[in-house]
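# Chains, contacts and geometry: an overview
One-letter residues, chain by chain:
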Amino acid sequence: MNFNPNYHTINHVIKSFIGSFQGITHFNYTPDELLVLNLHSTPLWLLDEFRKIIRFLEKRFNIIHPDQLEEYYYGYPLASNKPKLLFTFDDGLKNNIHALNVLNEFGYRGLLFIVPEFAETPEHDQHNYYRNHIRSYINAKIDRLPEDVSALSPEILRNLVLEGHVVGSHSYTHTMMNNDHPDKQIREIIESKNKLESWIKKPVTHFCAPFNSARSVGKEQMQLIRSHYRFFHSTFPGSNGSAKSPHFIKRVNIETFWLMGAIKFACSTAEWHRWAGQRDLFSEQIDSQ
Ligand SMILES: [Zn+2]
């Protein structure tokens, strides 16, 4: 991706500049480290960018299947001399199907975090739902097609699961807050799981809260998550290998419209340090373990 002021802010360019100079040696993860990436919208016109990102990453990481988290967190260390990497996609946008097709081309699979109420909304209303519940600012120069602001349907999800991709819950309504009433906590955390399981006919074992995890998950929510899911995915970057905690998986955000330097920056340990303060506060908030 080349610089374009329609998509890239000055901050982004600075990050990309720093990332470009970090070079290959900066990816000095131990072989047991796991980098979990999280993307959102994956528009059709950016698929070649996604292919470039995968080619860059697969040289440096062993890209794993979502089900391998089971071995990584609850079993034996995964045998490989490279650090591991997992692709996750938040919000369940219809255009994620293109990114998953690209993963299929390479022989990889992804983990999708779905908002059941978005997927259940009548198609003509999904754009509104998306703006009101999920993302208030949409850059129409990036998200150009109706599929860039509408949801994967239950039928498509079923097919994606048959292809080997994995579905997790991203809360029922994407409005989950850490001070929600207990009834709403049950809807967001438990009913979302039940609904998704009724669609895909498989257990749903991954949960990812919306927004910054500290805004959406407090101690009570974390208790519910721990007792209903095997994995909790946060919005904080950090090491997954040093203290293996399946209910506090660190993730790093990238997007397909980003400059390659910014993707290098995001995939380096620089992000671990930048987020250390907020990550530790969140850890205290949910009272880990
Ligand atoms: Zn989200």
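In short, a report on the structure.

Reading the values: rules and limits
Residues numbered from 1 in each chain as written. Predicted model: local features only at pLDDT ≥ 70, side-chain atom pairs only at ≥ 80, totals over all residues. Heavy atoms only, no water. Donors = N, O, S within 2.8 Å, 3.2 Å for Na, K, Ca; no water. Buried < 20%, exposed > 50% of the residue type's maximum accessible area, 1.4 Å probe, protein only. Salt bridge = Lys/Arg side-chain N within 4 Å of Asp/Glu carboxyl O. Helix = DSSP H or I, 4+ residues; strand = E, 2+ residues; numbered from the N terminus. Expected span 1.5 Å × (residues − 1). Bend = angle between axes of the 7 residues up to and from the residue. Contact = heavy atoms within 4.5 Å. Disulfide = S-S within 2.5 Å. Patch = residues over 30% accessible without salt bridge, like charges linked within 9 Å, V, L, I, M, F, W, Y side chains within 5 Å. Areas by Shrake-Rupley, 256 points an atom, 1.4 Å probe, with all protein chains shown as cover.

Looking at the zinc ion, one finds its protein donor set to be Asp 91 (OD), His 170 (NE2) and His 174 (NE2), positioned 2.1 to 2.2 Å from the metal centre. Each donor residue of the zinc ion belongs to the same chain, with the gaps between them written as D-x78-H-x3-H. Each member of the pair, His 170 as well as His 174, is classed as buried.

With that settled, consider the pattern of salt bridges. For the coordinates displayed, the defined rule picks out 15 salt bridges. In this structure, Glu 70 engages Arg 230 in a salt bridge whose closest nitrogen and oxygen atoms are separated by 2.4 Å. With Glu 70 in helix 3 (residues 69–74) and Arg 230 in the loop between helix 10 (219–228) and strand 7 (231–233), this pair connects stretches of sequence that are 160 residues apart. On the accessibility criterion, Glu 70 (31% relative accessible area) is partly exposed. The partner of Arg 158 in a salt bridge is Glu 155, and the shortest N-O contact between them spans 4.0 Å. Taken together, the positions of Arg 158 and Glu 155, both in helix 7 (residues 154–163) and three residues apart, correspond to about one turn of that helix.

Three or four residues apart is the spacing at which side chains of an α-helix point the same way, because the helix has 3.6 residues per turn. Given a rise of 1.5 Å per residue, 19 residues ought to cover 27 Å, and the 27 Å separating the end C-alpha atoms of helix 8 (residues 182–200) matches this to within 8%. Along helix 8, the largest kink reaches about 35° and is centred on Glu 191. Buried residues of helix 8: Gln 185, Glu 188, Ile 189, Ile 190, Ser 192, Lys 193, Leu 196, Trp 199 and Ile 200, and no others. Lining the buried residues of helix 8 we find strand 4 (111–114), helix 5 (116–120), helix 7, strand 5 (166–169), strand 6 (206–208) and helix 10. Looking at the residues trailing helix 8, positive phi occurs at Lys 201, about 55°.

This paragraph deals with the state of the cysteines. This model, assessed by the stated rule, comprises zero disulfides. Between Cys 208, a free cysteine, and Cys 267, which holds the nearest cysteine sulfur, the sulfur-to-sulfur gap is 17 Å. For Cys 267, a relative accessible area of 0% gives the class buried.

Let us now look at a nonpolar patch on the surface. A cluster of nonpolar side chains, namely Ile 10, Ile 14 and Ile 18, defines an oily patch on the protein surface of about 300 Å² accessible area. Here Ile 10 lies in helix 1 (residues 10–22).

Turning our eyes to something else, we now look at the environment of Asp 148. Among the secondary structure elements, Asp 148 is positioned in the loop between helix 6 (126–134) and helix 7. Remark: the alpha-carbon pair of Asp 148 and Leu 93, spanning 55 residues in sequence, is separated by 6.5 Å.

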